[in-house]
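# Examining the three-dimensional arrangement
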Amino acid sequence: MAEVVLENVTKSFGDTVALDRVSMTIEDGSFVVLLGPTGAGKTTALRMVSGLDTPDSGDVLIGGRSMKGLMPAQRNVAMVFQQYSLYPHLTVRQNLEFPLKSPLLNTLQADIDRKINSVSEILQIKQKLDNKTTALSGGEMQRVAIGRALVRDPSIYLMDEPLSSLDAKLRADLRIELKSIQANSGATLLYVTHDQIEAMTMATHVGVLDNGRLVQFGSPREIYEDPVSIYAASRLGQPRINILPADVFEGSPAGAKLIGLRPEQIAQGEGEESFVTRVEHLGDQTRLHLSFKNHDLITVTDAHTELKSGDIVKIKPDKPFYFDASGDRFSGREK
Amino acid sequence: MSFSVTEASSRQKWFAGILVVGYALITMLPLVWIIATGFKSSPDAIAYPPKIVFEPTVEGYVNLFTTQTRLSSEAAATPDQDLPWYESLVREKGMTIVGPSRFSERFFNSVIIGFGSTFFAIVLGTAAAYAFSRFKVPLKDDLLFFILSTRMMPPIAVAIPIFLMFRYLGLNDTHAGMILLYTAVNLSLSVWLINGFIDEIPVEYEEAALIDGYTRFQAFYKVVLPQAATGIASTAIFCLIFAWNEYAFAVLLTSGTAQTAPPFIPTIIGVGGQDWPAVAAGATLFLLPVMVFTILLRKHLLRGITFGAVRK
Ligand SMILES: Nc1ncnc2c1ncn2[C@@H]1O[C@H](COP(=O)(O)OP(=O)(O)OP(=O)(O)O)[C@@H](O)[C@H]1O
Ligand SMILES: [Mg+2]
């Protein structure tokens, strides 16, 4: 395991700037989650670290060493690909053995068997070990792909949406497994996900990518509770943060153009009146769609609420976020 | 009643079966005829109407492998009791064996030249195809087209220049010359076919292998090659069939040491004209290696042709 540093990494594909001067330090033993919508450059960032692609400018350092000109094999990284990339001509077991049998690791057969045994146990793919990988379900393929990384002990694990194809239960199981593996072994991870729970529960740090730029980097709570912009605030939170013009509520600071309200930042039962337009019972919570001075809002209320559409609810902002016209967090000082 | 998109109904299967068997019978008829003629006696071979039922003999095969001369009357008068079976067989016709024929040499030439040129066409073709498929090659499309353009005329159209070049280089009637020529002709085919097969293999597998600690060449060898094997095998069959059956260049450029079987077989002349059973016997033996090779690679060939139809 080692510290991984990205220094001003820039990468373009033709006119598309996939990464724009990204600098980031992934501390030894940390679990860094990259967030961003599709096309933000998350996969590209992983490929820069792995050496499958090289930066146009800037540098990647692993354990303090510049990786310029080094092949992926020389970097000793493990990667779970977004599209799995299991070897179709090999069985599950042979896929898992493949990195261990490489000239890089050249592991003893006894060690190989032991590792495959424990990893296939964790990933619940034991009974599939002798199947061809083409005869697996999507979720099984994804677990084999994770396994092919986990049998190794690399300087960093790179995982590109590794749990995306799994059902909710398995996903929860593996989330806990991955986190405990990381916590126990001190492994370093760079992890891409769109899943809020994964980001909030597993990450020690979250990086938010916006069109190739790293706009915020910090602990998950920091990203959630102190976002630098509307964009960063929108990455986390279910339902999403509501953005309204700041002047619809009283008491907004002068100069703030927009107000951001997460469900827990909307106090119900006091303040000004809004209409309930829709009630969604999700089981553990209930979502209220509100209309407030012709602006739509979504918030959460008691799971067993008696409210129905047409009812009136009083709402009031509670420690909201304010943003300026460009969507950046409003600092309070007038510009 | 259930319908399936992929599974044919039993009536469709019967129809397809009859069609395939019927077609196979028609295409195999000449083959059967050649094999049968090989076991006929000379009169039976040219009998009219043709004989479907005949008394089989290996005369043709004996004639194929031996050179014979007319038995002198003294020798005929002193019958030797421990003559080998083949000598007795030819003596019945008033002939005697004076030595082996050139057939096995020519056949062996065909094996060396056919398999040798296939080997080189496949090795070089795979290397070139991989490079075209995976690396940024300047003017790639033009180069590929240029390679294919060598196929746009019949190779024999350049027979005269090749003949002159071979003479100048001393390659006339040499194994190396023929291997070089057939490799050159087959290379365009192998580059194109194998390039198509390698293009079908997503580059992600190699990337995974690079991450897993392998070098570029090892990734090619361990991941690309096994997946391209079916395609390469079917390409090899096509290359071998061309080199094995090639006649025109063989006639032009070989006459002795390096002569292959195709120009040799028609020259088998018996006493009193063409010895058809011997020619048929030669043709039968000549068919065998390609047949065996094709049957060995049949599994790959079938998959190779449908390669890339559906894949993840
Ligand atoms: N090989 C490539 N050639 C051209 N453009 C590319 C290439 N790889 C990525 N891009 C572009 O770079 C940008 C970032 O791509 P990237 O794959 O990193 O996105 P991502 O954040 O992983 O998205 P997703 O969540 O959909 O996986 C995209 O606009 C993409 O189209
Ligand atoms: Mg991606």
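Residues numbered from 1 in each chain as written. Chains lettered and ligands numbered in written order. Predicted model: local features only at pLDDT ≥ 70, side-chain atom pairs only at ≥ 80, totals over all residues. Heavy atoms only, no water.

All names here are of chain A. One open sheet holds the four strands; their spatial order is β2-β1-β4-β5, and the pairing between them is antiparallel. Looking along the sheet, the strands with just one partner apiece sit at the ends: β2 (16-26) and β5 (65-66). Here strand β4 (residues 57-62) pairs with β5 via two bridges, running antiparallel. Counted as the bridge partner of Leu61 is Ser66 from β5. In the packing of helix α1 (residues 42-50) onto the sheet, contacts are made with β1 (4-13), β2 and β4, and the angle to β1 comes to roughly 120°. (Pairing = 2+ DSSP bridges. Helix = DSSP H or I, 4+ residues; strand = E, 2+ residues; numbered from the N terminus. Contact = heavy atoms within 4.5 Å. Axes fitted to C-alpha atoms, helices over the stretch in contact; angles between N-to-C directions.)

Attention now moves to the coordination of the magnesium ion (ligand 2). Looking at the metal site, the magnesium ion (ligand 2) is ligated by A:Thr43 (OG1) and A:Gln82 (OE1), spaced 1.9 to 2.4 Å from it. Linking A:Thr43 in helix α1 with A:Gln82 in the loop between β6 (77-80) and α3 (92-100), this pair joins segments that are 39 residues apart in sequence. (Donors = N, O, S within 2.8 Å, 3.2 Å for Na, K, Ca; no water.)

Right, let's get into the domain arrangement of chain B. All names here are of chain B. Each domain of chain B was delimited in the assignment, giving domain 1 (56-101) and domain 2 (104-310). Distance from the C-alpha centre of domain 1 to the C-alpha centre of domain 2: 40 Å. Between domain 1 and domain 2, the contact holds eight residues from the first and ten residues from the second. In this assembly, domain 1 packs against domain 2 so that about 750 Å² is buried in total across both faces, 71% of it on carbon and sulfur atoms. (Domains from an automatic or database assignment. Buried area = accessible area lost by both parts, 1.4 Å probe.)

Attention shifts here to the nonpolar core. Core analysis: the largest hydrophobic core is formed by 70 residues, its most contacted members being A:Leu6 and A:Leu190. Considering every element that reaches this core, the biggest residue donor is helix α11 (residues 216-245) of chain B, with twelve residues. Those residues within four positions of A:Leu6 in sequence are excluded, and the remaining contacts are A:Val22, A:Ser23, A:Met24, A:Ile26, A:Val49, A:Asp59 and A:Val60. Counting 44 residues, the second largest nonpolar core, distinct from the first, contains A:Tyr84, A:Leu129, A:Leu178 and A:Ala232. (Core = buried A, V, L, I, M, F, W, Y, C linked by side-chain atoms within 4.5 Å. Buried < 20%, exposed > 50% of the residue type's maximum accessible area, 1.4 Å probe, protein only.)

The next point concerns the sheet that holds strand β9 (residues 205-210) of chain A. Residue and element names in this part refer to chain A. Taking strand neighbours across the sheet as the criterion, the six strands line up as β6-β7-β8-β3-β9-β10 in an open arrangement whose pairing is mixed. Edge strands, defined here as strands with exactly one partner in the open sheet, are β6 and β10 (213-218). Direction aside, neighbouring strands of the sheet carry axes that sit 15° apart on average. Where strand β3 (residues 31-35) lies against β9, four bridges are found, and the strand directions are parallel. Bridge pairing in β9 links Val32 to His205. Running over the sheet, α1 touches β3, β6, β7 (156-160), β8 (189-192) and β9 and is turned about 155° from β7.

Once that is clear, we can look at the site of ligand 1. Residues and elements named next belong to chain A. Taken together, 13 residues sit near ligand 1, with Thr38, Lys42, Thr43, Thr44 and Gln82 positioned nearest. One nitrogen or oxygen atom from the side chain of Lys42 is found 2.7 Å from an oxygen atom belonging to ligand 1. Measuring from an oxygen atom of ligand 1, one finds a side-chain N or O atom of Thr43 at 2.6 Å. In isolation ligand 1 exposes 630 Å². Once the protein is present, 62% of that is buried. Among the secondary structure elements, those contributing two or more residues to the shell around ligand 1 are β2 and α1. Ranked by residue count, the leading element in the shell around ligand 1 is α1, at three residues. The class makeup of the residues in the shell around ligand 1 is three nonpolar, eight polar and two charged. (Near = heavy atom within 4 Å. Polar contact = N/O pair within 3.5 Å; in protein donor to acceptor, adjacent residues only side chain to side chain. Areas by Shrake-Rupley, 256 points an atom, 1.4 Å probe, with all protein chains shown as cover. Nonpolar A, V, L, I, M, F, W, Y, C, P; charged D, E, K, R; others polar.)

What follows concerns the pattern of salt bridges. By the definition in use, this model includes 28 salt bridges over all chains. Here A:Asp56 ties to A:Lys11 by a salt bridge, and the two come within 3.7 Å at their closest N and O atoms. Of the two residues, A:Asp56 sits in the loop between α1 and β4 while A:Lys11 sits in strand β1, which places them 45 residues apart along the sequence. Taking the relative accessible area as the measure of exposure, A:Lys11 reaches 10% and is therefore buried. For B:Arg102, the salt bridge identified is with B:Glu105, shortest N-O distance 3.3 Å. B:Arg102 gets classed as partly exposed once you look at its relative accessible area, which sits at 47%. (Salt bridge = Lys/Arg side-chain N within 4 Å of Asp/Glu carboxyl O.)

This part covers the domain arrangement of chain A. Often the size quoted for an interface is simply the accessible area lost on bringing the parts together. Residues and elements named next belong to chain A. When cut into domains, chain A gives domain 1 (4-234) and domain 2 (242-323). Here the C-alpha centre of domain 2 lies 37 Å away from the C-alpha centre of domain 1. In this complex, domain 1 contributes seven residues to the contact, which on the side of domain 2 involves six residues. Roughly 580 Å² of surface becomes buried between domain 1 and domain 2 when both sides are summed, with 64% attributable to carbon and sulfur atoms. Considering only the surface of domain 1 that becomes buried against domain 2, Tyr224, Ile230 and Ala233 emerge as the three largest contributors, covering 76% of it. Linking domain 1 to domain 2 there are zero salt bridges.

Attention shifts here to helix α5 (residues 138-150) of chain A. For α5(A), with 13 residues, the first-to-last C-alpha span of 18 Å sits near the 18 Å given by 1.5 Å per residue. The element α5(A) is extensively covered by neighbouring structure, given that twelve of its 13 residues are classed as buried. Those residues of α5(A) that sit buried are A:Gly139, A:Glu140, A:Met141, A:Gln142, A:Arg143, A:Val144, A:Ala145, A:Ile146, A:Gly147, A:Arg148, A:Ala149 and A:Leu150. Packing partners of the buried residues in α5(A) comprise β6, α3, α4 (109-123), β7 and α6 (168-185) of chain A together with α10 (204-211) of chain B. (Expected span 1.5 Å × (residues − 1).)

Right, let's get into the packing of aromatic side chains. All names here are of chain B. Taken as a whole and assessed by the stated rule, the structure comprises 20 aromatic pairs over all chains. A ring pair is formed by Phe103 and Phe107, whose centres lie 5.8 Å apart and whose planes are at 45°; its orientation type is tilted. Of the two residues, Phe103 and Phe107 both sit in helix α6 (residues 103-134), four residues apart, roughly one turn of that helix. The structure contains a cluster of three or more aromatic residues connected by ring pairs, namely Phe65, Phe103, Phe107, Phe115, Trp244, Phe264, Phe286 and Phe293. One residue, Lys40, lies across the ring of Trp33, its end atom 4.4 Å from the ring centre. Taking the ring centre of Phe242 as reference, the NZ or CZ of Arg151 above it sits at 6.0 Å. (Phe/Tyr/Trp six-rings, centres within 6.5 Å; stacked < 30°, edge-to-face > 60°. Lys NZ or Arg CZ within 6 Å of the ring centre and 35° of its normal.)

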